[in-house]
Amino acid sequence: MVAFAVVLARLTLVSVPGAVGQVHSNVRPGDSLRHYLLYATTVDAARQVGGNILLGLPFGVLLPVLVPKARGLFGVLLRTAGVMLLVELVQGALITGRAFDIDDVILNTTGALVGYLLLGRRAGRAVHRRPAPAVHPSEGTVAGPA
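Residues numbered from 1 in each chain as written. Predicted model: local features only at pLDDT ≥ 70, side-chain atom pairs only at ≥ 80, totals over all residues. Heavy atoms only, no water.

### Quick look at the environment of Arg-34
To be explicit about the condition: Labels follow the DSSP assignment, with helices taken as runs of H or I lasting at least four residues and strands as runs of E lasting at least two, numbered in each case from the N terminus. Accessible area is worked out with a 1.4 Å probe on protein chains only. A residue is then buried under 20% of its type maximum, exposed over 50%, and partly exposed in between.
If you trace the backbone, Arg-34 turns up in helix H2 (residues 31-39). According to the relative accessible area criterion, Arg-34 is partly exposed, its value standing at 44%. Put simply, Arg-34 and Ala-45 are 11 residues apart on the chain and 10.0 Å apart in space, counted from C-alpha to C-alpha.

Written as structure tokens, this is what we have:
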């Protein structure tokens, strides 16, 4: 997770001075996606959309393994959206040549969903197995709460 955090920071929190004046904040869901579809080349659109989805994938895999309380889908999505929202806010407020984009948060969270469904759910269950119910030795039955 530390390695992923370093990669995330290097990809998202690095200044892009040449982009000043070219980037604009987006708080309306779908606006950036619409722009990619209408005005960007296929390669640029795929890079933007695919890159943001790929950036969220590790959250869907690592959170259920590292944070037992985040094993469920809702926990993973909520935590991913929170972290990515924070990253976007920092980008928009502090990083030269970067802007806040709600579509990035949505795409990153979608990536976490994909990662969770492909691998994270099973990995979380494998690492954090629930204990089997206790069997009473004389009866051979499962002991329930008293």
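### Some thoughts on the confidence of the model for the protein chain
Cut-off, in case you're wondering: Note on scores: pLDDT gives the predictor's confidence for each residue, bounded by 0 and 100.
Scored by pLDDT, the protein chain comes out at a mean of 86, with 84% of its residues at no less than 70. The element-level mean pLDDT for the protein chain is lowest in strand S2 (residues 141-142), coming to 58, with helix H5 (residues 102-127) highest at 94.

### Quick notes on helix H3 (residues 42-66)
Stated precisely, the cut-off is as follows: An expected span of 1.5 Å times one less than the residue number is assigned to each helix. Contacts are assigned to residue pairs that have any heavy atoms within 4.5 Å of one another.
With 25 residues, H3 should reach 36 Å at 1.5 Å per residue; the first-to-last C-alpha distance of 36 Å fits that figure. Taken as a whole, H3 has its buried residues at Ala-45, Asn-52, Leu-55, Gly-56, Phe-59, Gly-60, Leu-63 and Pro-64. If you follow the buried residues of H3, they end up packed against helix H1 (2-12), H2, helix H4 (73-94) and H5.

### Some remarks on the nonpolar core
To keep things clear, this is the line we draw: Here, the term nonpolar core denotes a set of buried Ala, Val, Leu, Ile, Met, Phe, Trp, Tyr and Cys residues that are joined through side-chain atoms within 4.5 Å.
Counting residues in each nonpolar core, the largest one holds 14 residues, and the members touching the most others are Leu-8, Phe-59, Leu-63, Val-76 and Met-84. Counting only elements with at least two residues in this core, the list comes to H1, H3, H4 and H5. No other element matches the four residues that H5 contributes to this core. With residues near it in sequence (within four places) discarded, Leu-8 still touches Leu-13, Leu-55, Phe-59, Met-84 and Val-87.

### Brief notes about the pattern of salt bridges
A side chain with one charge may pair with a side chain of the opposite charge, provided their charged atoms come close. Here is the rule we go by: Salt bridge, as used here, is a side-chain nitrogen of Lys or Arg placed within 4 Å of a carboxyl oxygen of Asp or Glu.
All told, the structure shown has three salt bridges when counted by the stated rule. The closest approach of N and O atoms between Arg-28 and Asp-31, which form a salt bridge, is 3.3 Å. Arg-28 sits in the exposed class, given a relative accessible area of 56%. A salt bridge links Asp-44 to Arg-47, with the shortest nitrogen-to-oxygen separation between them at 3.1 Å. On the criterion of helical spacing, the pair formed by Asp-44 and Arg-47 is a turn pair, its members being three residues apart in helix H3. Judged by relative accessible area, which is 35%, Asp-44 ranks as partly exposed. Of the residues examined, Arg-47 reaches a relative accessible area of 56% and is grouped as exposed. One network of salt bridges, in which partners are shared, links Arg-28, Asp-31 and Arg-34.

### Overview of the packing of H3 against H5
Formally: The axes used here are C-alpha line fits, helices contributing only the stretch in contact, and every angle between their N-to-C directions lies in the interval 0 to 180 degrees. Our angle categories are set so that under 35 degrees counts as roughly parallel, over 145 as roughly antiparallel, 65 to 115 as roughly perpendicular, and the remainder as oblique. Left-handed describes a crossing whose near helix is turned anticlockwise from the far helix by less than a right angle; the clockwise case is right-handed. Residue classes follow a fixed rule: Ala, Val, Leu, Ile, Met, Phe, Trp, Tyr, Cys and Pro count as nonpolar, while Asp, Glu, Lys and Arg count as charged, and any other residue, Gly among them, counts as polar.
Axis separation between H3 and H5 bottoms out at 5 Å; the angle between their running directions is 30°. On the basis of their axis angle, the class for H3 and H5 is roughly parallel. Here H3 and H5 pass one another in a crossing that is right-handed. Considered class by class, the residues forming the contact of H3 with H5 number 15 nonpolar, eight polar and one charged.

### Structural notes on the packing of aromatic side chains
Geometry of an aromatic ring pair is reported as the spacing of the ring centres plus the angle between the planes. For the record, the criterion: Only Phe, Tyr and Trp rings take part, Trp by its six-membered ring, and two of them pair if their centres are within 6.5 Å. Stacked means planes under 30 degrees apart, edge-to-face means over 60, and tilted covers everything else.
In the structure shown here, the tally under the stated rule is one aromatic pair. Between Phe-4 and Phe-59, the ring centres sit 5.1 Å apart and the planes meet at 85°, which makes this aromatic pair edge-to-face. Residue Phe-4 is located in helix H1, and its partner Phe-59 is located in helix H3; the two are separated by 55 residues in the primary sequence. Residue class for Phe-4 comes out buried when judged on its relative accessible area of 12%.

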